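# Topology and contacts: notes
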Amino acid sequence: LAVLRFPHGDFRTGQRPLAEAVFRVARAGRTLMAQAPTGIGKTIGTVFPLLRALPGQQIDRVFFLTAKTSGRALALDAVAALRRAEPALPLRALELVAREKACEHPDKACHGDSCPLAKGFYDRLPAARAAAQEQRWLTQEAVREVALAHQVCPYYLSQELCRWSDVVVGDYNYYFDMTALLHGLTVVNGWKVTLLVDEAHNLIDRARGMYSAELDQAEFNALRRVAPAGLKGVLERVGRHWNQLHRDQEVPYQIYPTIADLFIAALQKAVSAITDHLTDQPEGNQAALLRFYLDAMLFCRLAEAFGPHSLFDITRHDTRSLSTLCLRNIVPARFLAERFANAHSATLFSATLSPGHYHADLLGLPRDWQWLEVQSPFSAEQLRVQALANLSTRYQHRETSLAPITDLMARQFHEQPGNYLAFFSSYAYLEQALDNFRRAHPDIPVWAQSRSMNEAERQDFLERFTEHSRGVGFAVLGGAFGEGIDLPGKRLIGAFIATLGLPQVNPVNEEVKARMQQMFGNGYDYAYLYPGLQKVVQAAGRVIRTTSDQGVVYLLDDRFTRREVRQLLPSWWQVERAIHTLQKPGA
């Protein structure tokens, strides 16, 4: 590894300074946030220098952590490129996937009396592990092949192989979750590890989800009716205290400053009783009982750590006086700081990490974190960016915005026929705009994202964008088509973004704003502006994917002309302030 060669001969623009910075922070044991545009090869530009740093720093493992399947694929491709350049490299890389994706018998329980791949697992594990170690290239498919050849569970075999792998590629939750496997192994074994956090702008929301918990009373009451007799008493007590929590609540949703101690004590006793029950009777338990058991354990653990970083709220439902309890994390720094502290070094990279202090504050990065903004390989001449100064897409102006948006989109399409994406803040707004556009311009092909698209439908949506097609795809900002999709060349030549992407104003977000103001002195920006503009920049980033692409982006709201907003947009953009004049019908 100390003499590992870069597999592509020469570095792309921006790739070398990124690689040098990653190598330096690995050598110094520091944390780096790197904002680097799409298209420079961030993945190989971070994996390669980290592997070069391993021998000098005696680092045991590299954990490449990502939010999406596409990120795992890119990481594995980068390691594969290094292996092709150095065929004798004895580097062992492992891909971790979720249990539901690896399970061969989803209709069976994970124990020997139910699943044939669990029965005798540890008897057959040594041979399976030895066979896997021989391969060194341990993708999901490779692990499955070895596992089935030795009749062991692929998911649990991959978990075992973490101990014998140099590079582990997996979802964020494998290191950052409360019961994360990789973090647990790091602490128990005293490993010296380094982290690569791909598309790190996603980590805030993902971590908030990891450290939040919810209990639904309708599900709980259904469980009480069918629970084993020995658990009836403790569950009844939980139910009584639960009813006390929302007894005096007159509004559907309310945030509370504390969690009632008596309720948590009752819930802890229920967890203890269920633990004893499962120990005595491990077979034949209902899925509802196991689900509640896991949810209640998480709720109790998070209640013990409750503080300003989280909210406790109750949502009341219908006339039956049922409620949902939620421990909602809003600042995951309280939990993630330990994860970063237990790593020798970490590099978080994305095309949208600005401003850096926002991510550092919410993620709990060490105080000495470093910042790198990689120069874009793209030029302002490639992308024409126009911000409309006389158009508002605020909620109260939605109806009047439809005609100007439709007119501008059609005018741009007729001037430069091709493929475009139009982004809106919600499905309701999207549907209004789509109906208006179809009525006014039935000659222009359109297709739209729907509320619950499956994987095949999402693929059909993307396949409409070809080198020779023409039309406009309507999508929701922050959804499946707002980031992580690649439509280079003529497949996409422009985007219309009819929103700042600001989160909805509701009691939760208003409380988040208040807490952010107390903690960081910047409530509105932390709760609304920064998260919204990240989505805008990600969506606009779909247009220019290579140094030969040309395109246009329309920012359809007067707020994009404000200085404080424009400062958060990519530095290589030259945003033009534009005035749109509505074209008269028939003109």
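For the structure, check the block above.
Here goes a summary of the coordinates provided. (Residues numbered from 1 in each chain as written. Predicted model: local features only at pLDDT ≥ 70, side-chain atom pairs only at ≥ 80, totals over all residues. Heavy atoms only, no water.)

### Details of the pattern of salt bridges
Pairs can form between side chains of opposite charge once their charged atoms are near each other. What counts, and what does not: The salt bridge criterion pairs a side-chain nitrogen of Lys or Arg with a carboxyl oxygen of Asp or Glu, the two atoms within 4 Å. Only DSSP runs of H or I with at least four residues qualify as helices, and only runs of E with at least two residues qualify as strands; both kinds are numbered from the N terminus onward.
Scanning the model with the defined rule gives 20 salt bridges in all. Between Glu483 and Lys68 there is a salt bridge, with the nearest N and O atoms lying 3.6 Å from each other. You can see Glu483 sitting in the loop between strand S16 (471-476) and strand S17 (494-497) and its partner Lys68 sitting in the loop between strand S2 (61-66) and helix H3 (69-85), a full 415 residues away along the chain. Between Arg144 and Glu104 there is a salt bridge, with its nearest N and O atoms 2.5 Å apart. On the criterion of sequence distance, the pair formed by Arg144 in helix H6 (residues 140-149) and Glu104 in the loop between helix H4 (99-102) and helix H5 (121-135) is long-range, its members being 40 residues apart.

### Re helix H17 (residues 398-415)
Defined as follows: Each residue after the first adds 1.5 Å to the expected span of a helix. Residue exposure (1.4 Å probe, protein chains only): buried if accessible area is under 20% of the type maximum, exposed if over 50%, otherwise partly exposed. Contacts between residues were defined by any pair of non-hydrogen atoms, one from each residue, lying within 4.5 Å.
The end-to-end C-alpha separation of H17 is 26 Å, in line with the 26 Å expected for 18 residues at 1.5 Å each. Taken residue by residue, H17 has Arg398, Ser401, Leu402, Pro404, Ile405, Thr406, Asp407, Leu408, Met409, Ala410, Gln412 and Phe413 as its buried positions. Structurally, H17 contributes buried residues whose contacts are with strand S13 (383-388), strand S14 (419-424), helix H18 (427-440), S16, S17 and strand S18 (551-555).

### Considering the sheet that holds strand S11 (residues 345-350)
Heads up, the rule is: For two strands to count as paired, DSSP must find a minimum of two bridges between them.
Within the open sheet, the eight strands sit side by side as S4-S3-S5-S2-S6-S11-S1-S12. Their pairing is parallel. The strands lining the two open edges of the sheet, one partner per strand, are strand S4 (137-138) and strand S12 (370-373). Examined bridge by bridge, strand S3 (residues 93-95) and strand S5 (residues 167-171) share three bridges and lie parallel to one another. In the sheet register, Glu95 faces S5, and the bridge partner there is Val169.

### Digging into unusual backbone geometry
Of the consecutive residues Ser354 and Pro355, the connecting peptide bond is found in the cis state with omega at -5°. Counting through the fold element by element, Pro355 comes out in the loop between S11 and helix H16 (356-363). Despite not being glycine, Gln58 has its phi angle at roughly 55°, a positive value. Among the residues examined, Gln58 registers a relative accessible area of 58% and is labelled exposed. The backbone of Gln151 sits at a positive phi, close to 55°, despite the residue not being glycine.

### Describing the layout of surface pockets
Over the atoms, a rolled probe matching the size of one water molecule traces out where space is still vacant. Threshold: In this analysis, the protein atoms alone were mapped onto a 1 Å grid. Cavities are point sets where a 1.4 Å probe fits without being able to get out; pockets are open sets with protein on both sides within 12 Å along at least five of seven lines; lining residues have an atom within 4 Å of a point. Grid points are joined across faces, edges and corners, and a volume is the space filled by probe spheres set on the points. All amino acids are sorted into three groups, where Ala, Val, Leu, Ile, Met, Phe, Trp, Tyr, Cys and Pro are nonpolar, Asp, Glu, Lys and Arg are charged, and the leftover types, Gly among them, are polar.
In this structure, the second largest pocket occupies an estimated 1600 Å³ of space. Along the wall of the second largest pocket there are 39 residues; nearest its centre are Arg99, Glu100, Tyr155, Tyr156 and Leu294. No other element matches the eight residues that helix H14 (residues 287-304) contributes to the lining of the second largest pocket. Taken together, the residues of the lining of the second largest pocket sort by class into 20 nonpolar, seven polar and 12 charged.

### Re helix H15 (residues 333-341)
In plain terms, the rule: The directions considered for the arc are those from the helix axis to the C-beta atoms.
Listed as buried for H15 are Ala333, Phe335, Leu336, Arg339 and Phe340. Down the axis of H15, the sector holding all buried residues measures 155°, keeping them to one side.

### Focus on the nonpolar core
So the rule is basically this: In this description, a nonpolar core means a group of buried Ala, Val, Leu, Ile, Met, Phe, Trp, Tyr and Cys residues linked to one another through side-chain atoms lying within 4.5 Å.
Phe176, Leu195, Phe263, Phe299, Phe340 and Leu555 are the most contacted members of the largest nonpolar core, which has 137 residues in total. Within the second largest apolar cluster, 37 residues are counted, among which are Ile40, Leu50, Leu82 and Val374.

### Digging into the packing of aromatic side chains
Short version of the rule: Each pair of aromatic rings taken from Phe, Tyr and Trp, with Trp reduced to its six-membered ring, is defined by centres within 6.5 Å and is described as stacked if the planes are under 30 degrees apart, edge-to-face if over 60, and tilted in the remaining cases. Comment: the charge-over-ring label is applied if NZ (Lys) or CZ (Arg) is within 6 Å of the ring centre and within 35 degrees of the ring normal.
The tally for this structure, following the rule as stated, stands at 29 aromatic pairs. Between Phe424 and Phe474 the ring centres are 5.7 Å apart and the planes differ by 5°, which places this aromatic pair in the stacked class. Of the two residues, Phe424 sits in strand S14 while Phe474 sits in strand S16, which places them 50 residues apart along the sequence. The exposure class assigned to Phe474 is buried, which follows from its relative accessible area of 0%. With centroids separated by 5.8 Å and ring planes inclined at 55°, the aromatic side chains of Phe461 and Phe465 adopt a geometry described as tilted. What makes Phe461 buried here is its relative accessible area of 4%. Ring-pair connections join several aromatic residues into one group, and the members of that group are Phe220, Trp242, Phe263, Phe292 and Phe299. Residue placement shows Arg61 over the ring face of Trp191; its charged tip is 4.0 Å from the ring centre. A cation sits over an aromatic face here: Arg334 above Phe335, 5.2 Å from the ring centre.

### Re the environment of Ala34
Inspection of the secondary structure puts Ala34 in strand S1 (residues 31-35). Along the backbone, Ala34 and Asp166 are 132 residues apart, and their C-alpha atoms lie at a distance of 23 Å. For Ala34, the residues in contact, after removing those within four places along its chain, are Leu18, Leu348, Phe349, Ser350, Leu353 and Leu372.

### Focus on the environment of Arg470
Stated formally: In protein, a polar contact means a hydrogen-donor-capable atom and an acceptor-capable atom, both N or O and within 3.5 Å, with residues adjacent in sequence counting only if both atoms are side-chain atoms; elsewhere, any N or O pair within 3.5 Å suffices.
Along the chain, the position of Arg470 falls in the loop between helix H19 (455-463) and S16. Judged by its relative accessible area of 39%, Arg470 is partly exposed. A sequence separation of 12 residues divides Arg470 from Gly482, and the C-alpha atoms of the two residues are 19 Å apart. For Arg470, the residues in contact, after removing those within four places along its chain, are Phe413, Pro417, Gly418, Asn419, Pro445 and Trp447. Looking at Arg470, its side chain comes within polar contact range of the main-chain oxygen of His468, at 3.5 Å.

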